[in-house]
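# Summary of structural features
So the chains spell out like this:
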Amino acid sequence: MEKMKQRVRKAVFPVAGLGTRFLPATKAMPKEMLPVVDRPLIQHVVDEAREAGIEHFIFVTGRNKGVIEDHFDRQFELEMTLLERQKHEALEFMSQDLPIPGSTSFTRQQEPLGLGHAVWCARELIGREPFALLLPDVLVQHSRGCLAQMLDAARELDEKANVVAVEEVPRERVDQYGVVGVGARKGKTFAITSMVEKPSVDRAPSNLILTGRYILQPEILDILQTQERGAGGEIQLTDAMIQLSRTQGFYGLQFEGRSFDCGSKIGFLTANVSYALERKDIAPGFRAEIKKILGELNGG
Ligand code: G1P
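In this text the structure is predicted, and so the values were computed from the model without any measurement. (Residues numbered from 1 in each chain as written. Predicted model: local features only at pLDDT ≥ 70, side-chain atom pairs only at ≥ 80, totals over all residues. Heavy atoms only, no water.)

## Here we look at the site of the ligand
The environment of the ligand is made up of Leu135, Val138, Tyr177, Gly178, Glu197, Lys198, Leu210, Thr211, Tyr214, Gln236 and Thr238. At 3.0 Å from an oxygen atom of the ligand is found a main-chain nitrogen or oxygen belonging to Gly178. The separation between an oxygen atom of the ligand and a polar main-chain atom of Leu210 is 2.7 Å. The protein chains hide 76% of the 380 Å² of surface that the ligand would expose on its own. (Near = heavy atom within 4 Å. Polar contact = N/O pair within 3.5 Å; in protein donor to acceptor, adjacent residues only side chain to side chain. Areas by Shrake-Rupley, 256 points an atom, 1.4 Å probe, with all protein chains shown as cover.)

Structure follows, in C-alpha coordinates:
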(Lines give C-alpha, C1' and ligand atoms only; values in the text may rest on other atoms or scores of the structure.)
Protein backbone atom coordinates (compact mmCIF):
# COMPACT_ATOMS: atom_id res chain seq x y z
CA MET A 1 0.00 0.00 0.00
CA GLU A 2 1.09 3.61 -0.64
CA LYS A 3 2.69 5.17 2.43
CA MET A 4 1.54 8.63 3.53
CA LYS A 5 3.54 10.69 1.01
CA GLN A 6 1.59 13.89 1.01
CA ARG A 7 2.99 16.16 3.67
CA VAL A 8 0.71 17.61 6.32
CA ARG A 9 1.32 21.34 5.89
CA LYS A 10 -1.76 22.89 7.45
CA ALA A 11 -3.19 22.86 10.95
CA VAL A 12 -6.60 24.02 12.12
CA PHE A 13 -7.18 25.53 15.56
CA PRO A 14 -10.84 25.89 16.58
CA VAL A 15 -10.88 28.91 18.90
CA ALA A 16 -14.51 30.06 18.77
CA GLY A 17 -15.60 28.58 22.14
CA LEU A 18 -17.07 30.88 24.78
CA GLY A 19 -15.00 29.74 27.76
CA THR A 20 -17.90 29.91 30.19
CA ARG A 21 -16.04 27.66 32.66
CA PHE A 22 -13.53 30.46 33.26
CA LEU A 23 -15.87 33.39 33.79
CA PRO A 24 -15.29 36.13 34.81
CA ALA A 25 -11.67 35.79 33.54
CA THR A 26 -12.99 35.20 30.02
CA LYS A 27 -15.64 37.93 29.99
CA ALA A 28 -13.55 40.28 27.86
CA MET A 29 -10.65 37.96 26.95
CA PRO A 30 -10.65 34.72 24.91
CA LYS A 31 -9.95 31.61 27.00
CA GLU A 32 -7.22 30.69 24.52
CA MET A 33 -5.24 33.72 25.73
CA LEU A 34 -5.11 32.51 29.35
CA PRO A 35 -1.42 32.05 30.16
CA VAL A 36 0.30 28.83 31.08
CA VAL A 37 3.35 30.36 32.77
CA ASP A 38 4.06 33.24 30.36
CA ARG A 39 2.70 31.95 27.06
CA PRO A 40 -0.99 31.96 26.10
CA LEU A 41 -2.57 28.52 25.74
CA ILE A 42 -2.95 29.02 21.99
CA GLN A 43 0.75 29.84 21.67
CA HIS A 44 1.70 26.53 23.31
CA VAL A 45 -0.48 24.65 20.83
CA VAL A 46 0.84 26.61 17.84
CA ASP A 47 4.38 25.82 19.10
CA GLU A 48 3.49 22.11 19.05
CA ALA A 49 2.26 22.40 15.44
CA ARG A 50 5.29 24.38 14.38
CA GLU A 51 7.63 21.81 15.94
CA ALA A 52 5.85 19.15 13.87
CA GLY A 53 6.65 21.05 10.65
CA ILE A 54 3.28 22.72 10.07
CA GLU A 55 3.60 25.68 7.72
CA HIS A 56 0.13 27.20 7.69
CA PHE A 57 -1.96 27.96 10.76
CA ILE A 58 -5.73 28.25 10.32
CA PHE A 59 -7.75 29.71 13.19
CA VAL A 60 -11.51 29.31 13.33
CA THR A 61 -12.49 32.22 15.53
CA GLY A 62 -15.69 33.86 16.70
CA ARG A 63 -16.85 37.18 18.07
CA ASN A 64 -14.55 38.83 20.64
CA LYS A 65 -11.52 36.81 19.55
CA GLY A 66 -9.65 39.60 17.75
CA VAL A 67 -6.85 39.56 20.33
CA ILE A 68 -5.76 36.14 19.05
CA GLU A 69 -5.13 37.64 15.61
CA ASP A 70 -3.23 40.54 17.21
CA HIS A 71 -1.13 38.10 19.23
CA PHE A 72 0.21 36.53 16.02
CA ASP A 73 1.04 39.91 14.47
CA ARG A 74 3.83 42.42 15.10
CA GLN A 75 3.40 45.04 17.80
CA PHE A 76 5.45 47.98 16.52
CA GLU A 77 4.93 50.34 19.44
CA LEU A 78 5.95 47.71 21.96
CA GLU A 79 8.94 46.69 19.82
CA MET A 80 10.12 50.33 19.59
CA THR A 81 9.78 50.79 23.35
CA LEU A 82 11.69 47.58 24.07
CA LEU A 83 14.40 48.68 21.63
CA GLU A 84 14.72 52.11 23.24
CA ARG A 85 14.99 50.44 26.65
CA GLN A 86 17.56 47.93 25.35
CA LYS A 87 15.35 44.97 26.31
CA HIS A 88 16.98 42.73 23.72
CA GLU A 89 15.99 39.44 25.30
CA ALA A 90 12.27 40.32 25.32
CA LEU A 91 12.54 41.47 21.69
CA GLU A 92 14.21 38.22 20.74
CA PHE A 93 11.41 36.21 22.38
CA MET A 94 8.78 38.16 20.48
CA SER A 95 10.45 37.71 17.11
CA GLN A 96 10.93 33.95 17.71
CA ASP A 97 7.19 33.53 18.20
CA LEU A 98 6.13 35.57 15.19
CA PRO A 99 4.72 33.44 12.36
CA ILE A 100 6.24 34.16 8.95
CA PRO A 101 4.12 36.58 6.86
CA GLY A 102 1.24 34.86 5.09
CA SER A 103 1.37 31.71 7.23
CA THR A 104 -1.76 32.44 9.28
CA SER A 105 -5.42 32.52 8.20
CA PHE A 106 -8.48 33.45 10.21
CA THR A 107 -12.08 32.56 9.49
CA ARG A 108 -15.19 32.74 11.64
CA GLN A 109 -17.60 30.21 13.00
CA GLN A 110 -20.71 32.38 13.10
CA GLU A 111 -22.74 30.14 15.39
CA PRO A 112 -21.65 27.68 18.13
CA LEU A 113 -22.78 24.55 16.28
CA GLY A 114 -20.01 22.21 17.42
CA LEU A 115 -16.49 21.02 16.59
CA GLY A 116 -17.53 19.39 13.30
CA HIS A 117 -19.07 22.65 12.16
CA ALA A 118 -15.95 24.61 13.19
CA VAL A 119 -13.74 22.34 11.04
CA TRP A 120 -16.17 22.63 8.12
CA CYS A 121 -15.95 26.44 8.39
CA ALA A 122 -12.23 26.12 7.49
CA ARG A 123 -12.86 23.99 4.35
CA GLU A 124 -11.82 26.63 1.79
CA LEU A 125 -8.60 27.33 3.68
CA ILE A 126 -7.77 23.62 4.06
CA GLY A 127 -8.37 22.74 0.41
CA ARG A 128 -7.89 19.13 -0.71
CA GLU A 129 -5.00 17.92 1.40
CA PRO A 130 -4.58 16.09 4.71
CA PHE A 131 -4.51 18.45 7.67
CA ALA A 132 -3.89 18.49 11.40
CA LEU A 133 -6.48 19.58 13.93
CA LEU A 134 -5.40 20.69 17.40
CA LEU A 135 -7.86 21.59 20.16
CA PRO A 136 -6.29 24.39 22.19
CA ASP A 137 -7.95 23.27 25.44
CA VAL A 138 -5.55 20.34 25.55
CA LEU A 139 -1.82 20.66 26.24
CA VAL A 140 0.54 17.71 25.96
CA GLN A 141 3.86 18.05 27.74
CA HIS A 142 6.73 15.98 26.33
CA SER A 143 10.16 16.54 24.81
CA ARG A 144 8.67 15.53 21.42
CA GLY A 145 5.31 17.17 20.80
CA CYS A 146 2.18 15.06 20.38
CA LEU A 147 1.55 16.09 16.76
CA ALA A 148 5.18 15.33 15.82
CA GLN A 149 4.76 11.85 17.37
CA MET A 150 1.57 11.36 15.33
CA LEU A 151 3.24 12.39 12.08
CA ASP A 152 6.12 9.99 12.81
CA ALA A 153 3.57 7.20 13.27
CA ALA A 154 1.60 8.24 10.16
CA ARG A 155 4.65 7.64 7.97
CA GLU A 156 4.23 3.91 8.64
CA LEU A 157 0.60 3.93 7.47
CA ASP A 158 -1.09 4.06 4.10
CA GLU A 159 -1.52 7.33 2.26
CA LYS A 160 -5.20 7.79 3.10
CA ALA A 161 -4.85 7.04 6.81
CA ASN A 162 -6.39 9.20 9.52
CA VAL A 163 -4.61 9.30 12.86
CA VAL A 164 -5.95 10.38 16.24
CA ALA A 165 -4.18 10.78 19.57
CA VAL A 166 -5.73 8.70 22.34
CA GLU A 167 -5.15 8.22 26.06
CA GLU A 168 -6.61 6.25 28.92
CA VAL A 169 -8.96 7.84 31.45
CA PRO A 170 -10.73 6.27 34.44
CA ARG A 171 -13.80 4.48 33.11
CA GLU A 172 -16.28 6.67 34.97
CA ARG A 173 -15.07 9.73 32.98
CA VAL A 174 -15.50 8.35 29.44
CA ASP A 175 -18.86 10.08 29.07
CA GLN A 176 -17.09 13.45 28.73
CA TYR A 177 -15.13 12.47 25.60
CA GLY A 178 -15.07 10.71 22.26
CA VAL A 179 -14.16 7.05 22.90
CA VAL A 180 -12.55 4.51 20.53
CA GLY A 181 -12.67 0.73 20.10
CA VAL A 182 -9.27 -0.99 19.85
CA GLY A 183 -8.32 -3.31 16.97
CA ALA A 184 -5.10 -4.80 15.59
CA ARG A 185 -1.78 -3.16 16.28
CA LYS A 186 0.10 -1.60 13.30
CA GLY A 187 3.54 -0.24 14.17
CA LYS A 188 3.11 2.26 16.95
CA THR A 189 -0.60 2.65 16.25
CA PHE A 190 -3.66 0.41 16.42
CA ALA A 191 -6.63 0.19 14.07
CA ILE A 192 -9.74 1.86 15.44
CA THR A 193 -12.77 -0.43 15.24
CA SER A 194 -15.42 2.00 16.49
CA MET A 195 -15.86 5.55 17.78
CA VAL A 196 -18.60 7.08 19.87
CA GLU A 197 -19.01 10.63 21.15
CA LYS A 198 -19.76 11.01 24.86
CA PRO A 199 -21.10 7.47 25.46
CA SER A 200 -22.61 6.38 28.75
CA VAL A 201 -20.10 4.38 30.80
CA ASP A 202 -21.74 1.03 29.97
CA ARG A 203 -21.84 1.77 26.19
CA ALA A 204 -18.19 2.88 25.86
CA PRO A 205 -16.08 0.49 23.72
CA SER A 206 -13.00 1.11 25.94
CA ASN A 207 -11.53 3.72 28.26
CA LEU A 208 -9.34 5.18 25.50
CA ILE A 209 -10.48 8.70 24.63
CA LEU A 210 -9.81 11.14 21.80
CA THR A 211 -7.34 13.64 23.23
CA GLY A 212 -7.85 16.54 20.81
CA ARG A 213 -5.14 15.93 18.20
CA TYR A 214 -6.13 14.64 14.77
CA ILE A 215 -4.59 14.08 11.32
CA LEU A 216 -7.49 13.97 8.91
CA GLN A 217 -7.99 13.41 5.21
CA PRO A 218 -9.85 16.10 3.25
CA GLU A 219 -12.80 13.75 2.55
CA ILE A 220 -13.94 14.52 6.12
CA LEU A 221 -14.99 17.94 4.81
CA ASP A 222 -17.36 16.39 2.25
CA ILE A 223 -19.02 14.41 5.04
CA LEU A 224 -19.28 17.45 7.33
CA GLN A 225 -21.09 19.28 4.52
CA THR A 226 -24.23 17.27 5.29
CA GLN A 227 -23.52 16.09 8.83
CA GLU A 228 -26.62 16.10 11.06
CA ARG A 229 -26.52 17.24 14.67
CA GLY A 230 -25.46 14.57 17.18
CA ALA A 231 -24.65 14.47 20.92
CA GLY A 232 -25.56 17.69 22.72
CA GLY A 233 -27.39 18.97 19.60
CA GLU A 234 -24.02 19.83 18.00
CA ILE A 235 -22.49 18.86 14.65
CA GLN A 236 -19.95 16.35 15.97
CA LEU A 237 -16.61 15.70 14.30
CA THR A 238 -16.65 12.18 15.78
CA ASP A 239 -19.87 11.35 13.88
CA ALA A 240 -18.24 12.45 10.60
CA MET A 241 -15.14 10.38 11.46
CA ILE A 242 -17.34 7.31 12.01
CA GLN A 243 -18.72 7.72 8.50
CA LEU A 244 -15.26 8.28 6.98
CA SER A 245 -13.94 5.17 8.76
CA ARG A 246 -16.19 3.06 6.46
CA THR A 247 -13.94 3.96 3.51
CA GLN A 248 -10.62 5.02 5.07
CA GLY A 249 -8.43 3.68 7.87
CA PHE A 250 -8.48 5.29 11.31
CA TYR A 251 -5.57 4.65 13.66
CA GLY A 252 -5.05 5.55 17.30
CA LEU A 253 -1.71 6.56 18.78
CA GLN A 254 -1.18 6.37 22.53
CA PHE A 255 1.26 9.27 22.62
CA GLU A 256 4.05 9.78 25.11
CA GLY A 257 3.70 12.65 27.54
CA ARG A 258 1.28 14.07 30.01
CA SER A 259 -1.90 15.80 28.87
CA PHE A 260 -3.70 18.63 30.62
CA ASP A 261 -7.35 19.46 30.01
CA CYS A 262 -7.01 23.23 30.25
CA GLY A 263 -10.74 23.59 29.66
CA SER A 264 -11.15 22.66 33.33
CA LYS A 265 -9.84 24.73 36.22
CA ILE A 266 -7.90 21.89 37.80
CA GLY A 267 -6.32 20.88 34.48
CA PHE A 268 -5.38 24.49 33.74
CA LEU A 269 -3.85 25.09 37.18
CA THR A 270 -1.98 21.77 37.08
CA ALA A 271 -0.60 22.66 33.65
CA ASN A 272 0.73 25.92 35.06
CA VAL A 273 2.47 24.11 37.91
CA SER A 274 3.90 21.41 35.66
CA TYR A 275 5.14 23.82 32.94
CA ALA A 276 6.63 26.16 35.56
CA LEU A 277 8.54 23.25 37.11
CA GLU A 278 10.05 22.50 33.68
CA ARG A 279 11.41 26.02 33.34
CA LYS A 280 15.03 26.37 34.41
CA ASP A 281 14.66 30.09 35.13
CA ILE A 282 11.80 29.82 37.62
CA ALA A 283 11.64 26.18 38.75
CA PRO A 284 13.96 26.48 41.82
CA GLY A 285 12.12 29.48 43.30
CA PHE A 286 8.71 28.13 42.37
CA ARG A 287 9.41 24.69 43.84
CA ALA A 288 10.40 26.31 47.16
CA GLU A 289 7.14 28.31 47.25
CA ILE A 290 5.02 25.24 46.48
CA LYS A 291 6.78 23.29 49.22
CA LYS A 292 5.93 26.10 51.66
CA ILE A 293 2.26 26.07 50.69
CA LEU A 294 2.02 22.27 50.89
CA GLY A 295 3.88 22.30 54.21
CA GLU A 296 1.39 24.81 55.60
CA LEU A 297 -1.53 22.73 54.32
CA ASN A 298 -0.08 19.66 56.05
CA GLY A 299 0.28 21.66 59.25
CA GLY A 300 4.08 21.73 58.90
C1 G1P B 1 -14.15 17.32 21.98
C2 G1P B 1 -14.41 16.09 21.09
C3 G1P B 1 -14.18 14.82 21.89
C4 G1P B 1 -12.80 14.82 22.50
C5 G1P B 1 -12.57 16.09 23.34
C6 G1P B 1 -11.13 16.18 23.80
O7 G1P B 1 -15.15 17.37 22.96
O8 G1P B 1 -15.71 16.16 20.57
O9 G1P B 1 -14.34 13.70 21.05
O10 G1P B 1 -12.60 13.67 23.31
O11 G1P B 1 -12.87 17.27 22.56
O12 G1P B 1 -10.96 17.26 24.67
P13 G1P B 1 -15.48 18.72 23.78
O14 G1P B 1 -14.38 18.87 24.81
O15 G1P B 1 -15.49 19.84 22.81
O16 G1P B 1 -16.81 18.49 24.43
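## Considerations on a nonpolar patch on the surface
Taken together, the side chains of Ile293, Leu294 and Leu297 present a nonpolar region at the surface, about 330 Å² in accessible area. Take Leu294: it is sitting in helix 11 (residues 283-297). (Patch = residues over 30% accessible without salt bridge, like charges linked within 9 Å, V, L, I, M, F, W, Y side chains within 5 Å. Salt bridge = Lys/Arg side-chain N within 4 Å of Asp/Glu carboxyl O. Helix = DSSP H or I, 4+ residues; strand = E, 2+ residues; numbered from the N terminus.)

## Re the pattern of salt bridges
Scanning the model with the defined rule gives 18 salt bridges in all. For Glu55, the salt bridge is made with Arg7, and the minimal N-O distance between the two is 2.4 Å. Here Glu55 is found in the loop between helix 1 (41-51) and strand 4 (56-61), whereas its partner Arg7 is found in the segment before strand 1 (10-14), with 48 residues between them in sequence. On the accessibility criterion, Glu55 (38% relative accessible area) is partly exposed. Put simply, Glu129 and Arg9 hold a salt bridge, and the shortest N to O gap is 2.9 Å. (Buried < 20%, exposed > 50% of the residue type's maximum accessible area, 1.4 Å probe, protein only.)

## Some remarks on the environment of Gly183
Looking at where Gly183 falls in the secondary structure, it is placed in strand 9 (residues 178-186). Residues Gly183 and Gly252, 69 residues apart in the sequence, show an inter-C-alpha distance of 9.5 Å. In this structure Gly183 touches Phe190, Ala191 and Thr193, once residues within four positions along its chain are discounted. (Contact = heavy atoms within 4.5 Å.)

## So, the nonpolar core
With 44 residues, the main nonpolar core has Phe13, Phe59 and Leu147 as its most contacted residues. Discounting residues that sit within four places of it in the chain, Phe13 has contacts with Ile42, Val45, Val46, Ala49, Phe57, Ile58, Phe59, Val60 and Leu134. In terms of nonpolar packing, the next biggest core, distinct from the first, is built from 32 residues, Val119, Met195, Leu210 and Leu237 among them. (Core = buried A, V, L, I, M, F, W, Y, C linked by side-chain atoms within 4.5 Å.)

## With respect to the packing of aromatic side chains
Scanning the model with the defined rule gives six aromatic pairs in all. Ring centres of Phe13 and Phe57 lie 6.3 Å apart, and the angle between their planes is 20°; this geometry places the pair in the stacked category. With a gap of 44 residues between them, Phe13 in strand 1 and Phe57 in strand 4 connect regions that are remote in the sequence. Neither Phe13 nor Phe57 differs from the other in exposure class; each is buried. Taken together, Phe13, Phe57, Phe59, Phe72 and Phe106 form an aromatic cluster joined through their ring pairs. (Phe/Tyr/Trp six-rings, centres within 6.5 Å; stacked < 30°, edge-to-face > 60°.)

## Side note on the layout of surface pockets
Each pocket or cavity is described by its volume, and for the second largest pocket that value is around 1200 Å³. What lines the second largest pocket is a set of 39 residues, and nearest its centre among them are Asp38, Arg39, Gln43, Asp47 and Asp97. Those elements that provide at least two residues to the lining of the second largest pocket are strand 3 (39-40), helix 1, helix 2 (66-71), helix 3 (76-84), helix 4 (88-97) and strand 7 (138-141). Ranked by residue count, the leading element in the lining of the second largest pocket is helix 4, at seven residues. Class assignment for the residues of the lining of the second largest pocket results in 15 nonpolar, ten polar and 14 charged. (1 Å grid on protein atoms, 1.4 Å probe; cavity = no way out; pocket = protein on both sides within 12 Å on 5 of 7 lines; lining within 4 Å. Points joined across faces, edges and corners; volume = space filled by probe spheres on them. Nonpolar A, V, L, I, M, F, W, Y, C, P; charged D, E, K, R; others polar.)

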